[in-house]
Amino acid sequence: MVRPLLLTPGPLTVSDRVRAALNRDWGARDTDFIAMTGRVRHELLAIAQTTAEDAVAIPLQGPGTQAVEAMMASFAPRDTPTIVAINGAYGHRMVDMLRRLGRPCIAVEGPETRALDPDQIMQALDEHPQAATLAVVQCETTTGCLNPMDAIADLARLRGLTLLVDAMSAFGALPTRMQARGIVAVAASSNKCLQGVPGLGLVIARHEALQKAVNPLPLSLDLAGQAGGFAAAGEWRFTPPTHVVAALAEAMDELRDEGGPEARLSRYTKNAACLINGMAELGFEPVLSSADQAPIIVTFALPEARPFDFKAFYDALKTRGFVIYPGKLTAQDSFRIGCIGNITPDDIARFLDTFRSVMEAG
Ligand SMILES: *Cc1c(COP(=O)(O)O)cnc(C)c1O
């Protein structure tokens, strides 16, 4: 069996080193496991670029979506609206969460194929001066679009807003700058740029906000409750995904060995450049402008002039060991190729050779 290389936004290809960390059992109350949890939580603060004085890292069993939902449930007020700036599916998902929670919410939607426009958000704030919270996605994985976090953070500071960030596909590579940007809470995952295995959502939240969190909340979304468990005895409230935690601990050591998020971002940037150049030679252009393109995942438009059967192509690539991703754009047929995970420009070069030979065969 060929071991597939996942060129997707998660789950993604992990290293043998991370996979090997899954290969032992841990008891939830084992002191070594408790120490490991503490270490992971501490290092998450450093990756978020904040400190233990300011914030706390709260891992939550489940998918990344659940971490975003717990963040929204805890910090989107019941009495004043939350503005959600949207340029893709994950922005829409935050609105869906707020509606289900019965929280007042204002959706500010821009085009999917462009970065969020701070002026448009400012205009919405002028129209809704009672809004006290702003929620954004750092890298909109729908397209791979990088949103202008510094400008958005400046705007939130200027207006005294609580800033909530879905950093799922950015965390571990693109800088979070939680303290410098005055971000109140960030949601991330064990998978994606941290290169652990999926199964753990992560929220990093300021102490101050956590003390004032909305309550009561559904038990499993209660971030303050989960944080309280860790604060009391370092233990998880419910059965921890022990193997996933062990893999994340190993993945964080691996991140440090690579040189930290900056070095990881530099590898992803090389992957993306190699991918975009190679695909251009084959006649495929990215949907985003290079200024808006994050080196996380690249969306390519299906060429209109040439018939292209994505399903057949996908299957042919999969047989040859590469898994790509269908598009998620609403207005245009497209497909996506990820640049993240334990992959290098050499892997991308091999992928491009395979892509070319499948094209020539088809
Ligand atoms: C992947 C992703 C999520 C959801 O994570 P799941 O683990 O699939 O629930 C949320 N937001 C963004 C921006 C993502 O890329």
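Note that the structure is predicted; figures quoted are calculated from it, not measured.

Caption draft 1: Focus on helix α3 (residues 64-75). For α3, built from 12 residues, the straight-helix expectation of 16 Å at 1.5 Å per residue is met to within 8% by its first-to-last C-alpha distance of 17 Å. With 9 of its 12 residues buried, α3 lies for the most part within the structure.

Caption draft 2: Representation of the packing of aromatic side chains in the model. This structure, assessed with the given rule, holds 11 aromatic pairs. An angle of 80° between the planes, with centres 5.6 Å apart, marks the rings of Phe 284 and Phe 335 as edge-to-face. Here Phe 284, found in the loop between α10 (260-281) and β11 (297-301), pairs with Phe 335, found in strand β14 (residues 334-338); they are 51 residues apart in sequence, far enough to count as distant. Across the pair, exposure class does not vary: Phe 284 and Phe 335 are buried alike. Here a set of aromatic residues connected by ring pairs shows up, and it is made of Phe 284, Phe 300, Phe 310, Phe 313, Tyr 314, Phe 322, Phe 335, Phe 351 and Phe 355. One cation-aromatic arrangement involves Arg 24 over Trp 26; the distance from NZ or CZ to the ring centre is 3.6 Å.

Caption draft 3: Representation of the pattern of salt bridges within the structure. A complete count under the given rule lists 19 salt bridges for this structure. Residue Arg 39 pairs with Asp 253 through a salt bridge whose shortest N-O separation is 3.8 Å. In this pair, Arg 39 is assigned in helix α2 (residues 31-47) and Asp 253 in helix α9 (residues 242-258), connecting sequence segments 214 residues apart. In this structure, Asp 347 and Arg 350 form a salt bridge, with 3.0 Å as the shortest nitrogen-oxygen distance. Of this pair, Asp 347 and Arg 350 both sit in helix α12 (residues 345-361), 3 residues apart, which is roughly one turn of the helix. A residue is classified by how much of its surface remains accessible, and Asp 347, at 15% relative accessible area, is buried.

Caption draft 4: View of the side chain of Thr 354. Looking at the element boundaries, Thr 354 is found in helix α12. From its side chain, Thr 354 meets the backbone oxygen of Arg 350 in a polar contact 2.9 Å long. If we skip the residues at most four places from it in the chain, Thr 354 touches Leu 317, Arg 320 and Phe 322.

Caption draft 5: How the structure looks around the sheet that holds strand β10 (residues 200-206). Read from one edge to the other, the open sheet built from 7 strands follows the order β2-β10-β9-β8-β5-β3-β4, with strand pairing classed as mixed. Since the sheet does not close on itself, it has two edges, and those belong to β2 (55-61) and β4 (105-109), each with one partner. Adjacent strand axes in the sheet meet at a mean angle of 20° when their direction is disregarded. Where strand β8 (residues 162-166) meets strand β9 (residues 185-189), 3 bridges bridge the pair, whose relative direction is parallel. Following the sheet pairing, Asp 166 is matched in β9 by Ala 187. Where α2 meets the sheet, it contacts β2 and β10, and its direction lies at approximately 120° from that of β2.

Caption draft 6: Geometry of the site of the ligand. In the region of the ligand, the neighbouring residues are Pro 63, Gly 64, Thr 65, Tyr 90, Arg 93, Val 137, Cys 139, Thr 141, Asp 166, Met 168, Ser 169 and Lys 192. Within the backbone of Gly 64, one N or O atom sits 2.8 Å away from an oxygen atom of the ligand. Here an oxygen atom of the ligand sits 2.6 Å away from a polar atom, N or O, in the side chain of Lys 192. Protein chains bury 83% of the 380 Å² of accessible surface belonging to the ligand in isolation.

Caption draft 7: How the structure looks around the layout of surface pockets. Its volume calculated, the largest pocket comes out at about 330 Å³. Taken together, 25 residues form the lining of the largest pocket, with Gly 64, Thr 65, Arg 93, Met 168 and Lys 192 sitting closest to its centre. Broken down by secondary-structure element, the contributors of at least two residues to the lining of the largest pocket are α3 and α4 (89-101). Broken down by element, the lining of the largest pocket gets its largest block of residues, 4 residues, from α4. Its residues assigned to classes, the lining of the largest pocket shows 13 nonpolar, 9 polar and 3 charged.

Caption draft 8: Highlighting the pairing of strand β3 (residues 82-86). Here β3 lies mainly inside the structure; 5 of its 5 residues are buried. Here β3 shows no split at all, with Thr 82, Val 84 and Ile 86 on one side and Ile 83 and Ala 85 on the other all buried. A crossover links β3 with its parallel partner β4, the connecting element being α4, and its sense is right-handed. The pairing of β3 with strand β5 (residues 133-137) spans 3 bridges and is parallel. Considered in β5, the bridge of Val 84 is made with Ala 135.

Here is what the cut-offs are and how they apply
The residue numbering used here restarts from 1 in each chain and proceeds along that chain's sequence as written. Local features in this predicted model are restricted to residues of pLDDT 70 or higher, and side-chain atom pairs are both shown and tallied only at a pLDDT of 80 or more, whereas totals for entire chains, interfaces and linings draw on every residue. No hydrogens and no water enter the side-chain calculation; it runs on all heavy atoms of the structure. Each helix corresponds to a stretch of at least 4 residues labelled H or I by DSSP, and each strand to a stretch of at least 2 residues labelled E; elements are numbered beginning at the N terminus. Under the convention used throughout, the expected extent of a helix is 1.5 Å for every residue step, that is, one less than its residue count. Residue exposure (1.4 Å probe, protein chains only): buried if accessible area is under 20% of the type maximum, exposed if over 50%, otherwise partly exposed. Each aromatic pair joins two rings of Phe, Tyr and Trp (for Trp, the six-membered one) with centres within 6.5 Å, and gets the label stacked for planes under 30 degrees apart, edge-to-face for over 60, and tilted for any other angle. Look at NZ for Lys and CZ for Arg. If either is within 6 Å of the ring centre and within 35 degrees of the ring normal, a charge sits over the ring. Here, a salt bridge means any Lys or Arg side-chain nitrogen found within 4 Å of an Asp or Glu carboxyl oxygen. Counting of polar contacts relies on pairs of N or O atoms within 3.5 Å, with two restrictions inside protein: one atom must be capable of donating a hydrogen and the other of accepting it, and residues adjacent in sequence are counted only when both atoms are side-chain atoms. When checking whether two residues touch, look at their non-hydrogen atoms; a contact exists if any pair is within 4.5 Å. A strand pair is defined by DSSP finding two or more bridges across the two strands. Each axis is a line fitted through C-alpha atoms, and for a helix only the stretch in contact is used; angles between axes span 0 to 180 degrees, taken between their N-to-C directions. If a single non-hydrogen atom of a residue is within 4 Å of a molecule or strand, that residue counts as near it. Working definition of accessibility: Shrake-Rupley area with a 1.4 Å probe, residue cover restricted to the visible protein chains. Buried and open spaces are told apart on a 1 Å grid over the protein atoms alone, a cavity being a set of points where a 1.4 Å probe fits but cannot get out and a pocket being an open set with protein on both sides within 12 Å along at least five of seven lines. Residues with an atom within 4 Å of a point are the lining residues. Grid points are joined across faces, edges and corners, and a volume is the space filled by probe spheres set on the points. Side-chain classes are defined by residue name, with Ala, Val, Leu, Ile, Met, Phe, Trp, Tyr, Cys and Pro counting as nonpolar, Asp, Glu, Lys and Arg as charged, and the others, Gly among them, as polar. With its strands directed away from the observer, a crossover is right-handed exactly when the path from the first strand over the helix to the second travels clockwise.

From the geometry alone we can't say anything about function, so treat these as descriptive.
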